[in-house]
Structures are given as C-alpha cells and as structure tokens.
Amino acid sequence: MCGICGEMTFDGEPVQRAVMEAMRDTLAHRGPDDSGLHVDPGGTVGLGFRRLRIVDLSPAANQPIANEDGTIWLVMNGEIYNFRELRRRLESRGHRFRSKSDAETIVHLYEEDGGSFVDEIEGMFALALWDGRRRRMVLARDRAGKKPLFLLRDSRRLVFASEIKALFRHPDVPIDADPTVFPHYFLHGYAPNPRTFYRGIEQIEPAVVLTITPDGTTTRREYWRLEYPRKDQPSREDPPTAAEAALRVRALLTEAVERRLIADVPLGAFLSGGIDSTIVVGLMTELGAAPVKTFSIGFEGDPKFDETHYARIAARRFGAEHTEFRVAPRAVELMDTLVWHYDGPCGDSSAVPTYVVSKLTAERVTVVLTGDGGDELFAGYLRFAAGVAAEHVPRRVGRVVGALLATMGTARTERHWLARARRHATSVALPLHERVTRWNSLFFDDIDCLLHPDLAAAAGPVDRLGHISGERPRMEGLTPLSQLLHANFRSYLVDDLLVKTDRCSMANGLEARSPFLDRALVEYAASLPDGLKLRGWQTKRVLRKACADLLPPEIAARGKMGFGVPLDGWFRSTLKAYLEDNLLAGDARYPQYLSRPEVERVVGAHISRRANLGQQLWALLSFERWLRLLPEWATGRAALAVVG
C-alpha cells in the first residue's frame with residue numbers, strides 16, 4: 001500500500017526532479033517507510049513513489065521497479081493477491097525476478113501480455129507503467145475502485161497522483177474549484193466520479209485502463225463490468241438451491257479471506273459487531289490467524305450509535321485480542337484534517353470514527369481486514385428492502401401513510417423508527433431510482449433553495465439522478481433489487497464507502513483489505529436470484545446461511561445499525577458553538593455559493609429541535625472549512641501542520 005505520482009510531458013519540456021519529489025513526499029502518509037523516483041533518460045517522464053512495506057520488506061521491493069533491461073518501469077499502490085500464481089507462470093517462461101514483491105510481477109506480466117496484463121490481476125490497485133520501448137504510459141485502477149488515481153491532462157502534459165494534494169505541488173496545476181459539482185455534493189455527500197471538486201482534475205474510473213502516447217493521444221478501455229442476470233435472458237442453468245449457494249458463498253469468502261492474510265507485517269481486523277466484520281474475523285480465526293487482533297470504536301453519549309457491546313460478543317466468540325476505542329464530541333475537531341485528506345469537503349460524518357480507529361489501530365498493526373462490501377453484495381441496507389417493498393405498495397396508500405406519520409411529531413434522532421418510516425412513506429409513490437436517491441440524499445427537495453442564484457444559474461438545472469445517469473441503460477431489464485445493487489455498486493460504494501476507507505486508513509499508514517470485494521465472490525453474488533439475498537425485510541439471506549456457525553445469536557438476530565455518528569445531539573450541545581462560529585459567522589465563505597438565509601434556517605430548525613439535520617449540518621460545515629482552507633493550498637502552503 002503506497003502513494004504514487006508521475007508526469008509525462010508532450011512538448012519536450014523536461015520533468016523537474018524537484019517538482020516530482022515535492023509531489024511524491026506530499027504522499028508520505030500513504031507510504032512512510034521509503035521513497036523512490038525515476039526519470040526516463042529522455043527526461044520527459046517521471047515516476048514517484050512512497051512505500052508502506054507489506055510484502056517483501058527488503059530494499060529490493062522498493063519502487064519504481066523495472067524489468068531486467070530497465071525499459072519498463074512501474075509504480076503501484078495496492079496489493080495483488082494472485083501474484084504468486086502469476087510469478088510461477090512467468091518464471092517458467094524465463095522471466096527473472098530480483099524481489100519477492102507483488103509489484104515486480106506486474107512488470108513481467110506486462111512484458112508477457114502487453115496491454116491485456118491488467119485482465120489477469122486480482123487485487124486492489126492503482127498503477128502507472130512506463131513502457132520505454134513503445135513510448136507509452138499505462139494507467140489503471142482495480143475493478144471495484146478501491147485504490148484512487150487522479151490526473152490532469154492538457155496540451156502540454158499529463159500529471160497524475162494517488163491524491164489531488166500531490167497534483168497541487170506541481171506549479172502548472174491550478175487550484176481552481178468547480179462550482180458546478182457543488183450541487184451534487186449537497187445531494188449525495190461526494191463528487192460523483194470521474195468528476196472532482198476541481199476544474200481539469202478527474203478520476204480514472206474503476207476497471208479502466210488509459211494508454212497515453214507522447215503526443216497526448218489517449219485510449220480508454222474498460223476491462224471489467226459487473227453483470228446481473230436480466231429478466232429477458234433466462235440462465236442456461238438451473239439456479240442453485242439455497243444450500244448449494246450457501247456452500248459456494250462460504251468457499252469463495254474463505255478463499256478471499258485467505259488471500260488477504262498474505263503479509264510480512266502484523267495484521268488485524270476492524271470489528272464493528274455487525275454480520276460482515278464478525279464473519280471476516282471468524283474466517284480469519286478458522287484459517288489459523290488466531291488470536292486475531294480486532295479493533296472497534298464506540299461513541300460517548302448515545303447508545304443508539306454504539307456497537308461496541310456486539311463487537312465484544314464477537315471478540316469473545318473467537319478469542320480475539322480485542323481493543324476498543326471511544327469517540328467523544330471533540331473528535332469533530334478532526335474536520336480540517338479530514339478535509340485535507342479528502343482534498344475537499346467530506347459529506348460522510350462516519351469518516352470521524354473511521355479516521356480515529358485507523359489512527360489507533362496503526363499503532364498495533366499495519367494491515368486490517370474489513371467487512372466493506374457485504375451490504376453491497378447481499379442487499380444489506382434497509383433502503384434496498386424498502387425500495388423493493390415500495391414497488392408493491394399502491395401510491396394512494398403511501399400518501400395516506402405518509403400524511404399520518406407527518407402528524408406524529410419529530411423523532412429524537414434520524415435512527416428512530418419514526419424518522420425512517422416517514423422518510424420511506426413520503427417517497428413511496430416515486431419511481432424506483434428517484435425514491436431510493438431521495439432516501440439516501442442530504443438535500444433533495446430543498447437543493448434549489450440551498451444554492452445561491454448565481455451558482456444555480458452557472459450549474460444549470462440540478463439532475464438529481466446524475467450520479468447514475470450513465471448506468472441507467474445498463475439497468476434496463478433488471479429486477480428492482482438488481483437495479484438498486486448495480487447503482488449502489490457504481491456510485492455509493494466507489495464514491496463514498498471506499499473513499500472513506502482509503503483516505504482514513506492511508507492517512508495513518510494503515511492498509512485496509514476487503515474480502516467481500518474479491519472478484520470471484522462479487523461475480524457469484526451478483527448472479528444469484530434476488531430471493532437468496534433479500535426476502536421481505538430479511539437481508540443477506542444466503543450469507544447468513546453460509547456463515548451461520550460463525551454468528552453468535554445476538555449478532556445474527558440484530559438489525560442493520562450502520563456506522564454513524566450522533567451528530568444530532570452533539571450539534572445541540574457540545575458542538576453548538578463550533579457550528580454557529582462557522583455557519584453563522586459574518587465572514588463565512590459559503591454565501592458566495594449557498595443561500596445564507598437557507599443555511600441559517602437549517603441551523604435554527606435543528607437547534608430548536610423542529611428537525612434532525614445533523615448530517616446536513618456536517619456537510620455544510622465541511623464545505624465551509626474547505627473554502628477557508630483553499631487559500632492556503634492556493635499559495636502553496638499545504639496544510640501539513642494540520643495532519644496528525
């Protein structure tokens with residue numbers, strides 16, 4: 001797990017080593033153990049690398065890493081889980097290795113297979129490969145999008161890096177905010193890929209390979225796409241029974257966990273006490289990793305947001321070496337640190353506990369396994385169940401129920417049954433994707449009121465479903481549940497959940513691995529009939545059956561809680577002054593983009609308990625703090641002092 005960066009000029013201008021070093025070392029938190037730099041003899045290509053040692057701790061595994069004659073150079077962020085099998089095949093064909101690293105395997109695989117090399121890689125990765133023979137740069141990301149890669153490309157050069165802040169160390173990369181992205185941030189809490197918060201800077205999309213030649217010509221290839229069964233194309237084989245599917249899921253998940261235990265450094269697991277992380281720890285124990293070092297986090301002040309009781313149950317069940325942390329309201333002081341690591345506003349407040357647990361975990365281990373992806377594969381979110389159920393509710397009934405719930409006062413928190421029921425009932429008459437997007441949005445009906453008229457005019461009409469617009473044609477002909485799973489995999493998973501895990505873990509030099517996102521498991525889960533994933537309000541049916549022996553009764557029976565933060569109460573008490581000092585201040589920066597009266601209304605409605613708007617206030621605060629930090633970034637004073 002590392003940080004990578006690079007530059008390729010198109011006009012013959014030489015790459016400046018000092019600039020490359022500045023870009024590289026801005027990523028030191030991603031790779032605190034070592035660094036490397038390669039500039040091609042022609043002077044127009046440079047590759048930078050910061051290393052977090054995981055596999056083969058020797059200097060021989062440092063990057064950039066080359067083939068035997070030094071004509072192909074690679075920098076890679078991530079882990080390749082099938083590198084040993086690939087290496088054996090390559091050695092049998094005469095390739096010579098100088099290290100035991102997974103990265104060196106990729107160099108020789110490219111020599112052997114050319115541009116199709118990425119099709120054979122199983123793992124999480126973002127990579128840049130310079131082919132000096134053919135004079136071309138190859139950039140690629142893993143299938144699910146676990147590892148990030150950003151780039152700026154103009155008529156003179158290509159510049160790329162694991163994080164945007166590294167691009168900003170290049171003197172020719174402007175820090176130019178793109179306000180047309182802001183409405184999407186306030187809808188979803190993130191900038192939908194491939195867009196970012198900055199003009200000219202984009203993300204390489206998951207499962208995409210870019211090939212760039214010295215004149216700037218770029219070709220794009222999507223090398224993988226998750227497919228769900230279509231209603232109009234019956235399978236040639238009979239669907240598996242529940243028992244058959246459970247056996248296959250158990251085998252695939254066990255293999256996925258086993259592959260992710262390869263490391264030459266201490267290894268542990270995040271343990272929330274939910275189904276997914278409990279299963280991962282159970283399989284780690286079965287595979288001989290006991291006692292597994294496990295880590296969980298709880299919140300002071302509101303038991304509805306505290307899962308540590310269940311984490312302790314799971315830890316006792318497997319004899320884990322368990323460590324528990326507590327988060328107090330003052331943890332929101334991390335806001336500026338998170339904005340820096342996110343390279344922009346962060347709309348998901350669960351980044352706070354993720355950052356804290358990563359920081360403290362990194363003091364004990366270097367690699368953790370997580371339960372990320374279980375909900376995405378096996379329909380674990382309640383909004384999936386609600387979305388499918390609403391397809392069978394007459395619109396008139398939904399309107400009546402919604403009107404009745406509206407008379408029942410304000411729920412104490414957004415996790416109260418009344419808040420959830422009201423949110424679902426008021427949207428039941430809407431089309432499927434609009435309904436579910438509304439349930440998962442920060443601002444939806446009120447987005448037009450929130451935007452400043454000048455921003456609204458510049459951005460144009462807000463497309464509330466723009467985050468999945470490109471996927472809609474591919475979702476035609478799928479069942480409602482498959483449509484929801486497909487949209488979630490291509491939007492929320494890659495733009496929110498995986499970003500949070502990557503930035504918060506790598507901010508602390510910690511590698512996070514996700515067994516549930518193993519390709520074989522992902523593809524098999526997608527192929528299963530809906531009823532094996534979801535029936536009524538019972539989620540993850542086949543996963544529960546596959547791993548029933550690993551789940552303590554208390555955990556098997558509990559509902560989905562989610563990794564949230566008790567912001568509603570914090571913003572009315574301990575953090576009230578912080579909230580007002582930023583959003584009600586006379587020198588606030590947001591009024592150039594947002595309506596001050598509307599923001600003040602949101603603050604007032606929350607503090608007076610007329611509504612629970614903690615998540616919306618978090619998004620507004622993060623946006624305001626980002627605007628305040630931008631001038632420092634623009635003058636080259638990256639907020640390094642904030643970190644740590």
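Residues numbered from 1 in each chain as written. Predicted model: local features only at pLDDT ≥ 70, side-chain atom pairs only at ≥ 80, totals over all residues. Heavy atoms only, no water.

Asks: Let's hear about the overall build of the protein: which residues, and what values?
Replies: When helices and strands are tallied, the protein shows 27 helices and 19 strands. Scaling as 2.2 N^0.38, a compact globule of 644 residues should have a C-alpha radius of gyration of about 26 Å, and the protein matches this with 24 Å. When its C-alpha atoms are laid out on the principal axes, the protein stretches across 75 × 60 × 50 Å. Looking at the protein as a whole, 61% of its 644 residues qualify as buried. Put simply, of all contacts in the protein between residues at least 6 apart along the chain, 72% involve residues at least 24 apart. (Helix = DSSP H or I, 4+ residues; strand = E, 2+ residues; numbered from the N terminus. Rg over C-alpha atoms; globule rule 2.2 N^0.38 Å. Buried < 20%, exposed > 50% of the residue type's maximum accessible area, 1.4 Å probe, protein only. Contact = heavy atoms within 4.5 Å.)

Asks: If you had to explain the sheet that holds strand S7 (residues 136–141) to someone new, which residues and values would you point to?
Replies: Spatially, 6 strands are ordered S4-S5-S6-S7-S11-S12 in an open sheet, and the strand pairing comes out antiparallel. The open sheet has two edge strands, strand S4 (65–66) and strand S12 (218–222), and neither has a second partner. Where S7 meets strand S11 (residues 208–212), 4 bridges bridge the pair, whose relative direction is antiparallel. Following the sheet pairing, alanine 140 is matched in S11 by valine 209. (Pairing = 2+ DSSP bridges.)

Asks: Any details on the environment of tryptophan 537? Residues and values, ideally.
Replies: Residue placement: tryptophan 537 occurs in the loop between strand S18 (534–535) and strand S19 (538–539). Judged by its relative accessible area of 54%, tryptophan 537 is exposed. A C-alpha to C-alpha distance of 47 Å links tryptophan 537 and aspartate 33, two positions 504 residues apart in sequence. Once residues lying within four places of it in the same chain are set aside, the contact partners of tryptophan 537 are Leu382, Ala385, Ala386 and Ala389.

Asks: Let's hear about the side chain of glutamine 616: which residues, and what values?
Replies: Within the element layout of this structure, glutamine 616 appears in helix H27 (residues 614–634). Look at glutamine 616 and you get buried, because its relative accessible area is 15%. Filtering out sequence-adjacent residues up to four positions away, glutamine 616 remains in contact with Leu442 and Phe443.

Asks: Could you give an account of the confidence of the model for the protein, naming the residues involved and the relevant values?
Replies: Per-residue confidence for the protein gives a mean pLDDT of 91; residues scoring 70 or more make up 91%. pLDDT under 50 marks residues 637–644. Its contacts with residues more than four places away, or in other chains, come to 15 contacts. (pLDDT = per-residue confidence, 0-100.)

Asks: Hey, could you go over the sheet that holds strand S17 (residues 511–513) for me, with residue numbers and the actual values?
Replies: The parallel open sheet is built from 5 strands, whose spatial order is S15-S14-S13-S16-S17. Edge positions in the sheet fall to strand S15 (321–327) and S17, since each of these pairs with one other strand and no more. With strand direction ignored, the average angle separating the axes of adjacent strands in the sheet is 30 degrees. With 3 bridges connecting them, strand S13 (residues 267–270) and strand S14 (residues 293–299) associate as parallel partners. What sits directly across from phenylalanine 270, in S14, is phenylalanine 295. (Axes fitted to C-alpha atoms, helices over the stretch in contact; angles between N-to-C directions.)

Asks: Lay out the pattern of salt bridges in plain terms, naming residues and giving numbers.
Replies: Applying the stated criterion across every chain, the model contains 55 salt bridges. With a closest N to O distance of 2.4 Å, arginine 519 and glutamate 122 form a salt bridge. Residue arginine 519 is located in helix H21 (residues 519–527), and its partner glutamate 122 is located in the loop between helix H3 (102–113) and strand S6 (123–131); the two are separated by 397 residues in the primary sequence. Here arginine 601 makes a salt bridge to glutamate 598, at a shortest N to O gap of 2.8 Å. Residue arginine 601 and its partner glutamate 598 are located together in helix H26 (residues 596–607), separated by 3 residues, close to a single helical turn. (Salt bridge = Lys/Arg side-chain N within 4 Å of Asp/Glu carboxyl O.)

Asks: Go over the packing of aromatic side chains with me, naming the residues and quoting the values.
Replies: Counted according to the given criterion, the structure contains 17 aromatic pairs. Relative to phenylalanine 623, the ring of tyrosine 185 has its centre 6.3 Å away and its plane inclined at 25 degrees; by these criteria the two rings are stacked. Highlighted residues: tyrosine 185 in helix H5 (residues 182–188) and phenylalanine 623 in helix H27, separated in sequence by 438 residues. Accessibility assignment for this pair places tyrosine 185 and phenylalanine 623 in one class, buried. Judged by centre distance (5.5 Å) and plane angle (55 degrees), the rings of phenylalanine 197 and tryptophan 626 are tilted. Of this pair, phenylalanine 197 sits in the loop between H5 and strand S10 (201–203) while tryptophan 626 sits in helix H27, and the two are 429 residues apart along the sequence. With respect to class, phenylalanine 197 is no different from tryptophan 626; both count as buried. Put simply, the rings of Phe168, Phe182, Tyr185, Phe186, Phe197, Tyr198, Phe443, Tyr593, Phe623 and Trp626 touch in pairs and so form one group of aromatic residues. The side chain of arginine 383 reaches across the aromatic face of tyrosine 381, ending 4.3 Å from its centre. The ring of phenylalanine 384 has arginine 383 lying over it, and the distance from NZ or CZ to the ring centre is 5.6 Å. (Phe/Tyr/Trp six-rings, centres within 6.5 Å; stacked < 30°, edge-to-face > 60°. Lys NZ or Arg CZ within 6 Å of the ring centre and 35° of its normal.)

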